[in-house]
Structures are given as C-alpha cells and as structure tokens.
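Structure at a glance
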Amino acid sequence: MSLDARIVVRRPGFVLDAELAAEPGEVVALLGPNGAGKTTALRALAGLIALDDGYVTLDGHRLDDPAAGVFTAPEHRRIGVVFQDYLLFPHLSALENVAFGPRSRGSSRADSRARAADLLARVGLAEHARRKPRELSGGQAQRVALARALATEPRLLLLDEPLAALDARTRLETRARLRGHLGTHAGPTVLVTHDPLDAMMLADRLVILEEGRVVQTGDAATVTSRPRTDYVARLVGLNLYRGRADAGAVRLPGDFVLTTATERSGDAFVAFPPAAVALYADRPDGSPRNTWPATVAAMARHGDALRVELTGPIAVAADVTPAAAVQLGLEPGRRVWATLKATEVTSYPA
Amino acid sequence: MLPLLGLLIRAPWQTLPQRLTAPGVLAALRLSLLTATLATVVCLLLGVPLAWLLARTTFPGRGFVRALVTVPLVLPPVVGGVALLLVFGRRGLAGEWLDATFGLTLPFTTAGVVVAEAFVAMPFLVISVEGALRGADARYEEAAATLGAGRWTTFRRVTLPLIAPGVAAGAVLCWARALGEFGATITFAGNFPGRTQTMPLAVYLALEQDLDAAIVLSLVLLVVSVAILAGLRDRWLGAA
Amino acid sequence: MRVRAFVLAVVLAVAGCGDGGDPPAAGGVGGTVTVLAAASLTESFGRVGTLFEQQHPGVKVTFSFGGSSGLAQQITAGAPADVFAAASPATMKTVVDAGDSAGEPVTFARNQLVLAVPKGNPKGLTSLAALAKPEVKVALCAAQVPCGAAAAKALTAAGVKVTPVTQEQDVRAALAKLKLGEVDAALIYRTDARAAGGDVDGVEFPESASAVNDYPVVALKKAPNPSGAGAFVTFVRTPQAQQVLADAGFQRP
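Below or above, wherever it landed, is the structure these notes cover.

Thresholds, definitions, all that
- Residues numbered from 1 in each chain as written.
- Chains lettered and ligands numbered in written order.
- Predicted model: local features only at pLDDT ≥ 70, side-chain atom pairs only at ≥ 80, totals over all residues.
- Heavy atoms only, no water.
- Core = buried A, V, L, I, M, F, W, Y, C linked by side-chain atoms within 4.5 Å.
- Buried < 20%, exposed > 50% of the residue type's maximum accessible area, 1.4 Å probe, protein only.
- Domains from an automatic or database assignment.
- Contact = heavy atoms within 4.5 Å.
- 1 Å grid on protein atoms, 1.4 Å probe; cavity = no way out; pocket = protein on both sides within 12 Å on 5 of 7 lines; lining within 4 Å.
- Points joined across faces, edges and corners; volume = space filled by probe spheres on them.
- Nonpolar A, V, L, I, M, F, W, Y, C, P; charged D, E, K, R; others polar.
- Phe/Tyr/Trp six-rings, centres within 6.5 Å; stacked < 30°, edge-to-face > 60°.
- Helix = DSSP H or I, 4+ residues; strand = E, 2+ residues; numbered from the N terminus.
- Lys NZ or Arg CZ within 6 Å of the ring centre and 35° of its normal.
- Pairing = 2+ DSSP bridges.
- Axes fitted to C-alpha atoms, helices over the stretch in contact; angles between N-to-C directions.

Residues and elements named next belong to chain C. Core analysis: the largest hydrophobic core is formed by 71 residues, its most contacted members being Leu41, Phe45, Phe108, Leu115, Leu131, Leu187 and Phe232. When residues of this core are sorted by domain, at least three fall in each of domain 1 (2–110 + 214–247) and domain 2 (113–211). The residues contacting phenylalanine 108, other than those within four sequence positions of it, are Leu41, Phe45, Ala85, Tyr215, Pro216, Val217, Val236, Arg237, Gln242, Leu245 and Pro253.

What follows is the structure, encoded as structure tokens:
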C-alpha cells in the first residue's frame, strides 16, 4: 500500500502543483502557512475536488488521471478522512457515527456496530458510545472522528489539522494518543497542519508547501536544521540567509560576509539560532570571527529569553537573557555590537 | 386578527349545534383534511427531491426552474386551475393520454382535488426545504461520501435528518395552504359534495344563500386547522 | 364647449358624491350611476349603459357585475350603489327585506335555461332525458345559486334524475367547463349560451318553461344619486333597452 500523486488544481489567482508520495505505514505531514494549498491538496486526494492535471495512484490503482478521463468518486476510494472540525454527524451517537462507514460499505447492522464498538474501545471511548457529538469534549470528538475514519479500513488516511480545534492542554495529551493510533494504521497517512510541533511529533517526513509548491521535503531533523525558506526558518526559529560560498566565507546580499566553519563553494544557505548571537555595548575584542554594528528594532519575550530584532548590514534575531538586556540598556533605537561564532553557523548547498 | 374576531362575534351560537351536524359539513371537513394531507404527501415526494436538485446540483436552466417553482405563488389560483385543466383535462396534453392509456381522469375527482392543492401548495415546501438545504453544512455530505456512502444513502441518513426541521416546517405550511385552497380546486376539480367539495368550497356556496351557515363552516375549518397546527408545532418545531 | 362639459361633469360628479339626499345640480339627471348587476347581464347591460349615457349627456354609468347573492350581501353590508339588478326574485327579496330598496322591484327581463352542448352537438343530446346516461358528463350550477335552483326545477318537471360531475359556483363557471371540453353538457341560461358565441350550441327544451327566471331591478334607498338611479330603472324598460336585452337572448317580462 503506497501513495503516489501529483496534485494540480488551478483556481483564479492560485495554482497548486505538488508531488506527494507516502509509503505504507509512513506518516507524511503537509506543513505550510495558511493559503498554501494544504487543505486543497487533501480534498483532491479524497476526491472531494477534481484534479485539473496530474494523477493520484494508491496501491497501484489509478484513482485520478484527468488526462485519461479517470476520476474515482470519494465513496469508492477507500480513503479515510478526519476533518478539521471532525464533522461528526450531529444526529447520530458516537457508535452510530463510527458504524456509518462499515454500514455504507455493505456490512450488516450488527457487524457494523460490533466493529464500531471495537474501534471506540481502542480509542478509549467504550463508555461514551451512546453519546451524541455535542455531549463529547473536543478531544473525545477527535478520537471518535479518527475511529470513524479507521472503521472503513482505509487504504489511505488523511487528517486535516487534527489538533487545531483543541485547547493547549488537551492538545498535548491528544497528540501523544494520536501518534499511537497512527502507528496501528497499516497504510500511508497524510497529515495537514500549520503547526511545526504537530508535524514533527506525528510525522516521519515533512513536506513543506508554500504558495501551492513543495519547497522542501525531508525528515524533521533535516528540515529543522537546514531550512530552505524564510517560512521554515521562522517556524523552526533560525536566522536564514542565502548567499555565495567561497571556502569558509559566505557572501550575502549587501556584500556582508559571514565566516563559517565549513569549507564550501557555490550558492549556499547559512543558518544559525538566535541564541548564538551575542550583543555588546562596545566593540568586543577576541575570538568571534563575525562582528558587526546593529540597531535594536524591536523586542519581545520568547520563552525565558528576550528576542531582539536587529537591523544593520543583515536583519537578525538574537536571544538574550533579561539580565543582559537590562545591563545593556536595550530599547528600540539602541546601537549595539553583535557577534557570532563561526562554529555556530551551518551552511548547506542552496 | 380582526377578521377572525369578526367571525367569532358574528357566529350564530344558538343554532351552532344543529348547524354543525347538518349533512355535508362533516363530509366536507373529512374531505378537506384527507386531501390536504394527501397533497402534502405528494408535495413531499416531489418537492424534497426537487429542492435537493435546486440546492445541491448545477444544471442548465436551474435559475429558470427555481423561478418556475414559485409561479403557483403569484398565479391566481383560478388561473392555476385552468392551467391544470389544459394539461390534465379531458382534452389536455397529458389528460388525453392518461385517459386513453389508463382510463384515468383527474377533473371532478378527489384525486383532482389533491392535484390542485398540491400544485398550489408545492412552492411552500420547495422553498422551505431548499432554504434548509442551503443552510445545512454540505461538508457533512462530503464526510459521508468519504465513508463510502453513495448519494442516496447520504441523502437518507445524513442530509434528511439534518434538514428535518426545515422539511417539517415546509410540510406544515404546505398542509395549511392546501387546506385553505379554493380557486384551483373549484376550477380543476369542480364542486361535488362528498367527492370534491372541500370546506372552502362549501363556505363559498353557503355564502350564496346563508351567511350564518358560511360563518359556521369557516369557524369549523378555523378551529380544526388551528388545533392541528398548534399540535404539530409542539411536536415538531418545539422539539427542534 | 368640451371644457365646459368636462367642468360640468366634474361638478356633477362631486355633487353625486355628496350625502346622497340632494338631487344633482340643474334639476336633471347627472353624476355617476353605480349599478350592481347579475353576472349574466354583463354583455347586455354594458350596451344598455352606453345607450343611457348617450341619452343623458354628462352621466356616467359604472357597473359591478357578480353573482347576485354576493352583490345582495354587499348592498345589505352598506355598499354605496344606486341600482341593483338581480338574476332572481329570491335574491332581490333579501335586499327588500333588509329595507335597502327604494320602492318595489320591477321585473325587466326573463331568462330560460337551455341545454348547452359543444358546437355541432357531437353527442347528439336533444332532451333532458339524454343527460341521465352515465357516459354523459354534465355540469350544473350548485343548488344555492339561481341557475342551479332553476335546473333542479326543470329536471324535476321532466322527471329526469341527473348526477352531475360538478356543481359549479355560478353559470359562467359551468359554461367554462363546457368550453374547456371537460363536460359534455351544461344547463345554463340561454343568454350565457348565446354570449359564448360560436363555441357552444344551445338546445331548447320544453321543461325550461317551468323554470323561468325573472330579473328584477330596483333603485336603492341609500343611493348616492337617487335621480340617476330612478332614470336608469326606468330606462331598462324602454323599448330601446328591451331590444338590446332581446338580442342577448332574454325574454320580455
């Protein structure tokens, strides 16, 4: 069981053109900002909107191929979907919601109910089977929605922002549970989210989608350490620049040169965490190879630290302790010196 | 409200019991209730699928069909009755064929009353149900499709329960309109006691001779319909 | 000249709208005469009204045609009208009994029933007895309205029992069913059959003599234009008006 798709959907002022593949048992997260086309891609996979071009192949079956006039209706795809707000049928109990799929696919009423009861037990909701959706908490509704999608034994499981509707505390607990349940699904899973933490915790592989295009794919470690767009860099909290490498130095736009610890040549990205940037009131002497004057543009709390946005030859985010901020008298407009150790800078080919 | 009060004040209370038991009153009332109910059933069977087509699909001429649905609302009912005669009458387009093929004739029959009432009352149902469908979240239907439900299963098990209050309200409106129907009925189905003479027709003819009798008949129609509508409201709309 | 006539008409009209007791200006007949008349008089009274206006320059006649019973109810409920012409003495009686008439009603025309059939009489119906056959679809007026009462009388006189498919609310509705081809025959007034022009043939039958319908006319007590009312009631009995009525199929009283 594997998924292989190229999803092309054209709308006025927007084109989605994304290739997507997933192996059996693999969880792929489609991560991107709002309006990137994530949900459109998911709906196209489910057959709720038609492709304008491309193809969807699941398990070796061609589900969609507009060029050949092939389109499979959603009810014949065997693709399970967990919708963002779950869309549990309000007039049916939790059990009837879960039994709906097997019943629609031709199982007897008794068999459908037995299967539904089994799945509800697996997600820990056996005693909530008779409740209507409005009597369930957000986390419980999410689990019923998952059980409902799994009840049809789908060949592909799709989840649209599965945790977005939950409050922060429920989210933490539900995320851990969800990870466990996804592990029991034998087929591929595609998960749409705009939350990098959800993506990294739940997925084996990330596919970053921006403005309808796939801009980066890879496992969580690769994507977080080597972002390739500003969006991903912001998500994972890194300063990211693109320039031209020559030996250990990378020349950035504006002729600013960053020294790195890696020998490389050609177009390259350089990235470093805000915590690697140190600030001084006066020009420091000593080892750091990168030193430049900067001006404080804005400051905001960021966890235990203060994140300082700096302008200068390059725009940079730096994290300093509150104590250091007081000592330096940081405030917008204050001129400081920034330093960065070459060993803290990662560079990789663009 | 005032005309209602007028009926109550002017009612011949002394002779009420004997007027109520006059022959024909019960027959007309029974016929009215029966035909209005049958007309509502016909409207449900035809109108709900039509409303679904209008709300959930696109086809060429949909706007025109929607406008057509409301025609019985603006058409004077008598004109509607003439139109029905031109279609289902003995010389009508479909009537001639029905008669020749099945030996079926609609004018001057109780079935004709049902057809006339359904024709006039249909817009109330279609408009209510279409509104309910447009108000209902179509994504539930998408969710049903991803679970393997075909269109019919989705409609029956998801859409219909979601729009049930709208369907109920439409059916009540439809029934009330059918009960009060006069013009199309007398034109298409004629007036024959026990067969096509519904309460409104009986009221109109009583008016020709005996105002008091007309008032009594009107009161009976009024009391029965208000009682039934109030009962339905508590059961259906109150629960929703 | 025309301007003066118009001014006069307006003055008369205003006078006519007054409290009703005063005769219109200039001692003669003027203003607007409002006539409520039975529906079967629609065509003939239209022509009679035109003749009346020609003889009384400056007078305007307005008609309201409808079922006699409905008109009678409007009058007893206080409708502002000058003249009432009914299709039956019984209906007229309700107005007289209510004290709404000025003087005694006079009969100005009589009407008889005919057996109306589609043009050419495809079923060859020539007598009332033919209507008793089950395959013949017949429309009658409901017994509550004058033409229905007349039909019942005629059928009784003929000793024929007819089960109609419908009992229509008035004579024109029965005629409409015949014109639309929904029924094979209808018992309606000769005048209505004649007004239908070429679509309908009227078959005379002897029993109609036992159900002759008298048409009474009366000026109304609360007439806003009593002189106009009186003049119109007089006019419908002049030979000139009687000729119009005869042309329409009415008999002289």
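Having put the structure on the table, let's press on.
Residue and element names in this part refer to chain B. For the structure on display, the rule yields one cavity of 30 Å³ or more. A volume near 40 Å³ is recorded for the largest cavity. Lining the largest cavity are Phe88, Gly89, Arg90, Gly95, Leu98, Asp99, Leu104, Thr105, Leu106 and Pro107. Class assignment for the residues of the lining of the largest cavity results in five nonpolar, three polar and two charged.

Further remarks concern the packing of aromatic side chains. The full count for this structure, using the stated rule, is 19 aromatic pairs over all chains. Between the aromatic rings of phenylalanine 269 of chain A and tyrosine 348 of chain A, the centroid separation amounts to 5.6 Å while the plane-to-plane angle is 35°, which identifies the pairing as tilted. A residue pair is termed long-range when its members are at least 10 positions apart, and phenylalanine 269 of chain A in strand β13 (residues 256–272) and tyrosine 348 of chain A in strand β19 (residues 346–349) qualify at 79 residues. Residue classification places phenylalanine 269 of chain A among the buried residues on the basis of a relative accessible area of 5%. Residue tyrosine 348 of chain A is classed as buried on the basis of its relative accessible area, which comes to 1%. Judged by centre distance (5.1 Å) and plane angle (75°), the rings of tyrosine 215 of chain C and phenylalanine 250 of chain C are edge-to-face. Residue tyrosine 215 of chain C is found in strand β10 (residues 213–220), and its partner phenylalanine 250 of chain C is found in the segment after α9 (239–247); the two are separated by 35 residues along the sequence. Like tyrosine 215 of chain C, the residue phenylalanine 250 of chain C is buried in the burial classification. Connected via pairs of aromatic rings, a cluster forms that spans Phe45, Phe52, Phe63, Phe65, Phe108, Tyr189, Tyr215, Phe232, Phe235 and Phe250 of chain C. The ring centre of phenylalanine 71 of chain A lies 5.2 Å from the NZ or CZ of arginine 77 of chain A, which sits over that ring. Over the face of the ring belonging to phenylalanine 192 of chain B we find arginine 195 of chain B, whose NZ or CZ atom lies 4.4 Å from the ring centre.

Another aspect to go through is the sheet that holds strand β18 (residues 335–340) of chain A. Residues and elements named next belong to chain A. Ordered by their spatial adjacency, five strands build an open sheet running β14-β18-β15-β16-β17, and the pairing between neighbours is antiparallel. Across the chains shown, the open sheet's two edge strands, defined by having one partner strand only, are β14 (277–280) and β17 (316–320). Across this sheet, the average inter-strand angle for adjacent strands is 45°, counted without regard to direction. Relative to β18, β14 runs antiparallel, the two being bridged by four bridges. Note on β18: the bridge partner recorded for leucine 279 is alanine 338.

In this section: the side chain of asparagine 97 of chain A. With respect to the helices and strands, the residue asparagine 97 of chain A is situated in helix α2 (residues 94–104). With residues near it in sequence (within four places) discarded, asparagine 97 of chain A still touches Leu88, Phe89, Leu92, Pro133, Val144 and Arg148 of chain A.

Residues and elements named next belong to chain A. Two elements, strand β1 (residues 3–11) and strand β2 (residues 14–22), share nine bridges in a ladder whose sense is antiparallel. The residue of β2 that forms the bridge with arginine 11 is phenylalanine 14. Linking β1 to β2, which pair antiparallel, is a turn of two residues; within it glycine 13 sits at a positive phi near 75°. In this structure, β1 lies alongside strand β4 (residues 53–58), joined through six bridges in antiparallel fashion. By the bridge assignment, arginine 6 is partnered in β4 with tyrosine 55.

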